[in-house]
2 protein chains.
Amino acid sequence: MRAYAPSHITGFFAAHRDADPMRAGSIGCGLCLEAGARTAVETAVETEILLNGTAAEAPVSRFVVDRLVATPVRVNTVLEMPLGSGFGASGAGALGCAYALNAFFDLGLTANQAASVAHVAEVTNRTGLGDVAAQNAGGLVIRLKPGAPGLGEVDRIPISPLEVCCVVRGPLSTAEILSDATVMKEVNRAGSACLKELLRRPTLKEFMRLSRAFALQAGLASSWAVDAMEAVEASGGMASMVMLGEAVFALGAAEALREFGPVRHMRISQRGAGLD
Amino acid sequence: MRAYAPSHITGFFAAHRDADPMRAGSIGCGLCLEAGARTAVETAVETEILLNGTAAEAPVSRFVVDRLVATPVRVNTVLEMPLGSGFGASGAGALGCAYALNAFFDLGLTANQAASVAHVAEVTNRTGLGDVAAQNAGGLVIRLKPGAPGLGEVDRIPISPLEVCCVVRGPLSTAEILSDATVMKEVNRAGSACLKELLRRPTLKEFMRLSRAFALQAGLASSWAVDAMEAVEASGGMASMVMLGEAVFALGAAEALREFGPVRHMRISQRGAGLD
């Protein structure tokens, strides 16, 4: 029995703080990708979390374990996406962990209840605000109202499982950016405006266009990222920046990304988190 | 570009009437299956709906076409599930039609907006109340609050994509049963009680057990259906009746169904409606 959660790249967002982590979160829009987290659990003498075969601190997944079970477990998670670069690895790991524990110990949680534990783990650890809500749904997800799955509100933009190409230069610290009040003021203003505009015409193209505008308006794009986005556009594709990572994703014109690093081809995931 | 919607068998339900078809619907729980509707659209001289290659009245899909586009189209739908026997074929066809038209004409509808048109088409034609909401989500879907996707509320019971076996004897008329006040009083009482009990322990086994109890309590099971369910149970499986069809579905002990008709093996669908 294995659990699966897709990766997720946010195109634009606005943060919503709340003392209750179930109600904290973000609004915005992002894309789930098939490369994800695959998690198996088994009983153990001492609780241990393995990420790609190596024992890890993994505080977000550990939070989920502590919340859900009292007995020691070995959580074995394979992460197929780039790490620490805005692909929602911590959220996917925590979400897969919640689903896997629910199944293994027959905890009797619904999908939203299991996912809510992962959402709270992310928010509490300041590793993300909206990834879990999106990863639980799958596809190109609009986060309409912030909060844990079932409490927040999501919708989707229907799309085919197209190929998305990415280049990753390195990580950005989510916690650091989310703590910078000046940056976050601009992020929230731009993110709310983008969501409002997307809802006037919710299509993949508009998502790409608004994500691109957001990256610049919010002041989060490095010159490397701007150069990569412009190279894709000059070749007839569309590109934007992965929130929050020093990474760029593109639809079409993948070859234009080559000079910016190894190009990773990923497919849009139609399904959300679940059991394999 | 093709759209897909899974089939859906309801285990138990309670109807919710409302003058507004967006708010009408049902609560309950049911299982989405991979065999579904696959729909392609193209422009035509005159609007035409083909079901498995043959021109058909298809009033539910036609309603969707009339609502969404003004130009004539040819809708080509392949239905992979048994027809008229509670597998949600009309809902899946309408849902696939809505997604396909949205994509083909670039209408800019979100998933919930497109699915809502299919929900209204079903409710207005009295062919179903909750199939579209479940088919839009995928998996083992709990319908917590009635209504169109985005207005009603659903959750899921996380499960693996197991195999479900079915035998179909023939159709039951959904419209006829939904119009019988005496029957519906008992259906609604039993359905609400089953949902309440399921939420205490939302697991696949409980879903099967409560569906079985509902079929008897609501007085909808024929002696043929009761015999088939008991044969499965005698062989160690779990079975219940498809709502609303003269059909039985089972988990495990498929061989026990053989004497009741040709056994169809279907897989639980993890994904909801979308584009291929």
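Since the model is a prediction, treat every value here as computed from it, not as a measurement. (Residues numbered from 1 in each chain as written. Chains lettered and ligands numbered in written order. Predicted model: local features only at pLDDT ≥ 70, side-chain atom pairs only at ≥ 80, totals over all residues. Heavy atoms only, no water.)

1. Things to note about the overall build of chain A
Along chain A, the regular secondary structure elements total 8 helices and 12 strands. In terms of C-alpha radius of gyration, chain A reaches 18 Å, essentially the compact-globule figure of 19 Å for 276 residues. Oriented by its inertia axes, the alpha-carbon framework of chain A measures out at about 55 × 35 × 35 Å. Burial statistics for chain A: of 276 residues in total, 60% are counted as buried. Considering only contacts within chain A whose residues lie at least 6 apart along the sequence, 75% involve residues at least 24 apart. With an accessible surface of roughly 10,300 Å², chain A has 52% of that area assigned to carbon and sulfur atoms. (Helix = DSSP H or I, 4+ residues; strand = E, 2+ residues; numbered from the N terminus. Rg over C-alpha atoms; globule rule 2.2 N^0.38 Å. Buried < 20%, exposed > 50% of the residue type's maximum accessible area, 1.4 Å probe, protein only. Contact = heavy atoms within 4.5 Å. Areas by Shrake-Rupley, 256 points an atom, 1.4 Å probe, with all protein chains shown as cover.)

2. Focus: the pattern of salt bridges
A full pass over the atoms with the stated rule returns 30 salt bridges over all chains. For Asp 276 of chain A, the salt bridge identified is with Arg 271 of chain A, shortest N-O distance 3.3 Å. With a shortest N-O distance of 3.3 Å, Lys 145 of chain B and Glu 153 of chain B are connected by a salt bridge. Judged by relative accessible area, which is 49%, Lys 145 of chain B ranks as partly exposed. (Salt bridge = Lys/Arg side-chain N within 4 Å of Asp/Glu carboxyl O.)

3. Brief notes about helix H2 (residues 89-104) of chain A
Residues and elements named next belong to chain A. Its 16 residues place the ends of H2 22 Å apart at the C-alpha level, agreeing with the 22 Å of an ideal helix rising 1.5 Å per residue. Among the 16 residues that make up H2, 13 are buried, leaving the element largely enclosed by the rest of the structure. Count one or two residues on from H2 and you reach Asp 106, which has phi positive near 50 degrees. (Expected span 1.5 Å × (residues − 1).)

4. Some thoughts on the relation of the copies chain B and chain A
Screw-axis analysis of chain B against chain A gives a translation of 0.0 Å along the axis, an RMSD of 0.0 Å, and a rotation angle of 180 degrees. Within this description, the copies of the chain are treated as partners about a two-fold rotation axis. Residue Arg 271 of chain B of chain B places its C-alpha closer to the rotation axis than any other residue of that unit, at 2.6 Å. Take the interface residues of chain B: 100% of them recur as interface residues in chain A, which is what a same-surface contact looks like. (Least-squares fit on C-alpha atoms with pLDDT ≥ 70 in both.)

5. Observations concerning the sheet that holds strand S8 (residues 163-171) of chain A
To summarise the sheet geometry, strands pair through backbone hydrogen bonds and adopt either a parallel or an antiparallel arrangement. All names here are of chain A. The strand order across the open sheet formed by 4 strands is S9-S10-S8-S11, and the pairing between neighbours is antiparallel. With partners counted over all chains shown, the strands left at the sheet margins are strand S9 (238-241) and strand S11 (264-267), one partner each. Mean inter-strand twist for the sheet, computed between neighbouring axes without regard to direction, equals 30 degrees. Of the strand pairs in this sheet, S9 and strand S10 (residues 245-251) are connected by 4 bridges, and their pairing is antiparallel. Opposite Met 238, over in S10, you have Leu 251 as the bridge partner. Against the sheet, helix H7 (residues 204-217) touches S9 and S10, its axis set at about 45 degrees to S9. Against the sheet, helix H8 (residues 223-234) engages S8, S9 and S10, with an angle of about 5 degrees to S10. (Pairing = 2+ DSSP bridges. Axes fitted to C-alpha atoms, helices over the stretch in contact; angles between N-to-C directions.)

6. Looking at the interface of chain B and chain A
Across the contact, 28 residues belong to chain B and 28 residues belong to chain A. Each partner contributes to the roughly 2,100 Å² buried at the junction of chain B and chain A, and carbon and sulfur atoms together form 48% of this total. Linking chain B with chain A are 2 salt bridges, by the criterion used here. Two residues, Arg 201 of chain B and Asp 106 of chain A, come together in a salt bridge whose shortest N-O distance is 2.9 Å. Seen at the junction of chain B and chain A, the total is 12 residue pairs in polar contact (both at pLDDT 80 or more). Elements with a minimum of two residues in the side of chain B that touches chain A: helix H2 (89-104), helix H3 (111-125), helix H4 (131-137) and strand S7 (153-157) of chain B. The residue makeup of the side of chain B that touches chain A, split by class, is 13 nonpolar, 9 polar and 6 charged. (Buried area = accessible area lost by both parts, 1.4 Å probe. Polar contact = N/O pair within 3.5 Å; in protein donor to acceptor, adjacent residues only side chain to side chain. Nonpolar A, V, L, I, M, F, W, Y, C, P; charged D, E, K, R; others polar.)

7. Thoughts on the packing of H2 of chain B against H3 of chain B
Residues and elements named next belong to chain B. Between H2 and H3, the shortest axis-to-axis distance is 8 Å and the interhelical angle comes to 140 degrees. Compared by their axis directions, H2 and H3 come out oblique. Like other packed secondary-structure pairs, H2 and H3 cross with a definite hand, here right-handed. Within the contact between the two elements, H2 uses Ser 90, Gly 91, Ala 94, Leu 95, Ala 98 and Tyr 99 and H3 uses Ala 111, Ala 114, Ala 115, Ala 118 and Glu 122. (Parallel < 35°, antiparallel > 145°, perpendicular 65-115°, else oblique. Left-handed = near helix turned anticlockwise from the far one by under 90°.)

8. Comments concerning the packing of helix H6 (residues 181-200) of chain A against H7 of chain A
For any two helices packed against each other, one specifies the inter-axial angle together with the distance between the axes. Residue and element names in this part refer to chain A. Where H6 meets H7, the closest approach of the two axes is 10 Å, and the angle between their N-to-C directions is 165 degrees. Judged on the interaxial angle alone, H7 and H6 are roughly antiparallel. Helix-helix and strand crossings are classified by hand; for H6 and H7 the assignment is right-handed. Between H6 and H7, the residues in contact are Glu 186, Val 187, Arg 189, Ala 190, Gly 191, Cys 194, Glu 197 and Leu 198 and Glu 206, Phe 207, Arg 209, Leu 210, Phe 214 and Gln 217, respectively.

9. Section: the packing of aromatic side chains
Applying the stated criterion to the full structure yields 12 aromatic pairs over all chains. Ring geometry for Phe 12 of chain B against Phe 207 of chain B: centres 6.4 Å apart, planes inclined by 40 degrees, an arrangement best described as tilted. Of this pair, Phe 12 of chain B sits in strand S1 (residues 3-16) while Phe 207 of chain B is found in helix H7 (residues 204-217), placing the two residues 195 residues apart along the sequence. When its relative accessible area of 0% is taken as the criterion, Phe 207 of chain B is described as buried. One aromatic cluster is present, built from ring pairs that chain together Phe 12, Phe 13, Phe 207, Phe 214 and Phe 249 of chain A. (Phe/Tyr/Trp six-rings, centres within 6.5 Å; stacked < 30°, edge-to-face > 60°.)

10. Some points on the confidence of the model for chain A
Reading fine detail from the predicted coordinates is not recommended where pLDDT is low. Across chain A, pLDDT averages 95, with 100% of residues at or above 70. This prediction of the complex comes with two scores: 0.95 for pTM and 0.94 for ipTM. (pLDDT = per-residue confidence, 0-100.)

11. What to know about the environment of Gln 217 of chain B
All names here are of chain B. In this fold, Gln 217 is placed in helix H7. Owing to a relative accessible area of 39%, Gln 217 belongs among the partly exposed residues under this scheme. Spatially, the C-alpha atom of Gln 217 lies 7.7 Å from that of Val 187, the residues being 30 residues apart in sequence. Once residues lying within four places of it in the same chain are set aside, the contact partners of Gln 217 are Glu 186, Arg 189 and Ala 190.

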